[in-house]
Amino acid sequence: RAQISSKSIVDDARASYATLDKLNANVKPSLDNLVRSTDFFSHYRLNLFHKKCPFWDDENGFCGNIGCAVETLDNDEDVPEVWRASELSKLEGPLARHPGRSEQEQHPDRPLQGELGDGVGESCVVEYDDECDGRDYCVPEDESTASKGDYVSLLRNPERFTGYGGEGAKQVWDAIYRENCFQKSSFPRSADLGVSLWPPGPAAQDFKHVMDAAGRQAQLQARRLHRPNVPFVASTGYEVDDECLEKRVFYRVVSGMHASISAHLCWDFLNQTTGEWQPNLACYTNRLHGFPDRVSNLYFNYALVTRAVAKLGPHLCGPQYTFCTGDASEDVATRAKVLEVTLRAASVPQIFDESLMFVNGEGPSLKEDFRHRFRNVSRLMDCVGCDKCRLWGKIQTNGYGAALKVLFEFDNNSQEIPTLKRTELVSLFNTYARLSESLRAIGEFRDMVRAQDGVA
Ligand code: FAD
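So, a few notes on the structure that sits alongside this text. (Residues numbered from 1 in each chain as written. Predicted model: local features only at pLDDT ≥ 70, side-chain atom pairs only at ≥ 80, totals over all residues. Heavy atoms only, no water.)

**Some details on the side chain of Ser427**
Checked against the element boundaries, Ser427 lands in helix H16 (residues 422-452). At 2.7 Å, the side chain of Ser427 and the backbone oxygen of Thr423 are in polar contact. Every residue in contact with Ser427, bar those within four places of it in the chain, is listed here: Tyr44, Ile395, Asn398 and Gly399. (Helix = DSSP H or I, 4+ residues; strand = E, 2+ residues; numbered from the N terminus. Polar contact = N/O pair within 3.5 Å; in protein donor to acceptor, adjacent residues only side chain to side chain. Contact = heavy atoms within 4.5 Å.)

Printed below as a string of structure tokens:
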């Protein structure tokens with residue numbers, strides 16, 4: 001089975017990138033068509049303004065730039081029929097159960113929602129969500145109950161440069177990376193992030209089940225010896241060499257998302273002198289070109305989401321998915337567009353091998369840990385002080401969450417996959433489209449650098 005494992009992405013970057021770029025050239029037109037031309041995939045309903053940051057007082061972190069604003073659809077008639085409240089009230093999705101409470105009872109020593117490791121000088125947060133399905137990697141935007149939700153046209157609110165930055169943004173990114181604190185060596189260096197939260201403190205207090213697992217480390221070492229495919233992050237400013245696969249995957253997903261956001265804002269950048277939106281080469285060179293690990297993580301995410309979309313494809317034909325209520329022809333057209341994307345995503349040999357993950361003796365508990373951490377990343381989106389960044393941050397974390405759910409919900413080798421909620425489906429395909437656009441933009445930026453350097 002020919003695979004582009006994460007190792008080959010790192011070790012044989014050119015070949016792997018070329019393969020994924022070629023795949024992207026094939027998938028992108030139908031993917032863009034799907035997210036741009038269907039009501040179903042170009043609208044999103046979410047709770048954008050009414051959730052407080054659960055981790056710190058974010059009063060001062062808000063972005064007042066016009067570029068940060070989100071235009072919501074306030075009139076019912078502007079909202080496509082499929083997204084209207086009357087239709088949403090008919091929705092029946094997988095009902096939430098409450099695994100959180102029972103787990104909380106079993107692990108009363110774990111920090112609860114909103115605590116940032118108070119008093120222990122450490123900030124890995126584990127929380128057990130009362131609202132969402134135990135399988136979710138994200139706090140779901142539950143459209144059927146989100147009475148305070150807002151309708152947003154994604155086309156009218158494109159992800160691009162907003163001017164959001166400074167301490168507020170840094171605080172969020174820093175907290176996101178701290179979710180990767182399965183063990184000390186996975187932390188970003190404080191010097192790199194420019195914050196003073198190092199040293200992180202005893203991660204073991206939160207994650208005894210992870211840290212107690214000395215035996216697991218030994219197992220992983222053994223596995224690594226037998227598994228030449230285990231990926232390594234080419235580290236730039238992060239100490240990640242001595243980690244298990246799962247921790248590195250967590251880090252790569254987050255860093256790849258960060259790289260993708262950087263690619264978009266650098267490509268769609270506001271020239272404040274001319275007032276024009278245009279690519280900013282200096283922005284790209286400062287944030288991505290000199291950081292091959294970040295670019296590698298972006299490609300890694302592309303491979304991961306491609307695999308999830310390809311795996312989901314055959315299941316989208318089932319009766320559990322309807323893409324448009326009330327208009328049979330639009331339903332058929334939307335379904336055909338989705339299937340075209342999934343078929344193209346599946347047109348190459350399997351490019352991400354999820355069967356490598358969570359397979360050691362401690363697999364299930366590590367999976368739980370991974371899931372809780374990713375859910376915290378999703379909660380951190382409510383701390384983003386720029387509405388538009390928060391909108392796209394939520395969509396993308398939900399998209400990765402949906403992809404992880406598709407890949408890891410059941411036994412890794414199972415062909416069974418979970419039924420996704422509508423918001424998960426929309427965020428998955430929009431995240432895929434964002435990644436696809438990042439690959440394209442980075443390709444063009446590379447050409448611009450070559451032209452600037454006078455390389456043919
Ligand atoms: P930042 O991008 O803030 O990075 C902070 C530090 O993280 C860097 O100094 C570096 O050490 C490290 N780092 C950077 N990239 C990576 C990576 N890929 N992997 C690992 N480490 C890395 N701004 C917009 O203009 N438009 C948006 O749509 C937008 N969306 C955002 C969404 C979220 C969730 C967040 C938290 C921020 C968003 N921002 C957006 C802000 C943007 O991401 C930057 O924070 C901002 O432009 C300031 O950039 P910076 O150069 O200070 O470094």
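The structure having been displayed, the exposition proceeds.
**Some words on the state of the cysteines**
Within this structure, the stated rule accounts for 3 disulfides. The residue that forms a disulfide with Cys53 is Cys383, at a sulfur-sulfur distance of 2.1 Å. Of note, the bridge from Cys53 to Cys383 carries an S-S torsion of about 80° and is right-handed in sense. On the criterion of sequence distance, the pair formed by Cys53 in the loop between strand E1 (43-46) and helix H4 (85-88) and Cys383 in the loop between helix H14 (363-380) and helix H15 (387-408) is long-range, its members being 330 residues apart. Residue Cys53 shares its accessibility class with Cys383, and that shared class is buried. (Disulfide = S-S within 2.5 Å. Buried < 20%, exposed > 50% of the residue type's maximum accessible area, 1.4 Å probe, protein only.)

**Focus on the nonpolar core**
It is characteristic of soluble globular proteins that their nonpolar side chains tend to be buried jointly. Phe41, Leu312, Leu425 and Phe429 are the most contacted members of the largest nonpolar core, which has 103 residues in total. Sort the elements by how many residues they give to this core and helix H10 (residues 245-267) lands first, with 13 residues. (Core = buried A, V, L, I, M, F, W, Y, C linked by side-chain atoms within 4.5 Å.)

**Structural notes on the pattern of salt bridges**
By the definition in use, this model includes 14 salt bridges. We note a salt bridge from Arg156 to Glu71, for which the minimum N-O separation is 2.6 Å. Remark: Glu71 occurs in the loop between E1 and H4 and Arg156 occurs in the loop between strand E2 (150-153) and helix H6 (166-178); sequence separation between them is 85 residues. With a relative accessible area of 37%, Glu71 lands in the partly exposed category. Because the salt bridges share partners, they merge into one network encompassing Lys28, Asp32, Glu437, Arg440 and Glu444. (Salt bridge = Lys/Arg side-chain N within 4 Å of Asp/Glu carboxyl O.)

**Side note on the packing of H10 against helix H11 (residues 281-289)**
For the pair H10 and H11, the least separation of the axes is 9 Å and the interaxial angle reads 170°. When the axes of H10 and H11 are compared, the pair comes out roughly antiparallel. Along the contact surface, H10 presents Ala259, Ser262, Ala263, Leu265 and Cys266, while H11 presents Cys283, Tyr284, Arg287 and Leu288. (Axes fitted to C-alpha atoms, helices over the stretch in contact; angles between N-to-C directions. Parallel < 35°, antiparallel > 145°, perpendicular 65-115°, else oblique.)

**Considerations on the packing of H10 against H15**
Close contact between H10 and H15 brings their axes to 11 Å; oriented N to C, the two are set at 140°. When the interaxial angle is binned, H10 and H15 end up oblique. The two elements H10 and H15 meet at a crossing, and its hand is right-handed. Taking contact as the criterion, the partners of Val253, Met257, Ser260, Ile261 and His264 in H10 are, on H15, Gln396, Thr397 and Tyr400. Residue composition of the contact of H10 with H15, grouped by class: 4 nonpolar, 4 polar and no charged. (Left-handed = near helix turned anticlockwise from the far one by under 90°. Nonpolar A, V, L, I, M, F, W, Y, C, P; charged D, E, K, R; others polar.)

**Quick word on helix H12 (residues 292-312)**
The end-to-end C-alpha distance of H12 is 30 Å, a good match for the 30 Å that 21 residues give at a rise of 1.5 Å each. A large share of H12 lies buried, amounting to 19 of its 21 residues. (Expected span 1.5 Å × (residues − 1).)

**Considerations on the pairing of E2**
Here E2 shows no split at all, with Asp150 and Val152 on one side and Tyr151 and Ser153 on the other all buried. Two elements, E1 and E2, share 4 bridges in a ladder whose sense is antiparallel. The residue bridging Tyr44 from the neighbouring strand is Val152, located in E2. (Pairing = 2+ DSSP bridges.)

**Here's the deal with the environment of Thr342**
By the element assignment, Thr342 lies in helix H13 (residues 328-345). In the structure, Thr342 is positioned 280 residues away from Phe62 in sequence and 38 Å away in space, judged by C-alpha atoms. With residues near it in sequence (within four places) discarded, Thr342 still touches Val309, Ala310, Gly313, Leu316 and Phe429.

**Focus: the packing of aromatic side chains**
According to the stated counting rule, one finds 11 aromatic pairs in the structure shown. Seen from their ring centres, Trp267 and Phe445 are 5.1 Å apart, and the 80° between their planes marks the pair as edge-to-face. With a gap of 178 residues between them, Trp267 in helix H10 and Phe445 in helix H16 connect regions that are remote in the sequence. Judged on exposure class, the residue Trp267 and its partner Phe445 are both buried. Put simply, the rings of Phe40, Phe41 and Phe429 pair up and form one aromatic cluster. A cation over an aromatic ring shows up here: Arg294 above the ring of Phe291, its NZ or CZ 3.5 Å from the ring centre. (Phe/Tyr/Trp six-rings, centres within 6.5 Å; stacked < 30°, edge-to-face > 60°. Lys NZ or Arg CZ within 6 Å of the ring centre and 35° of its normal.)

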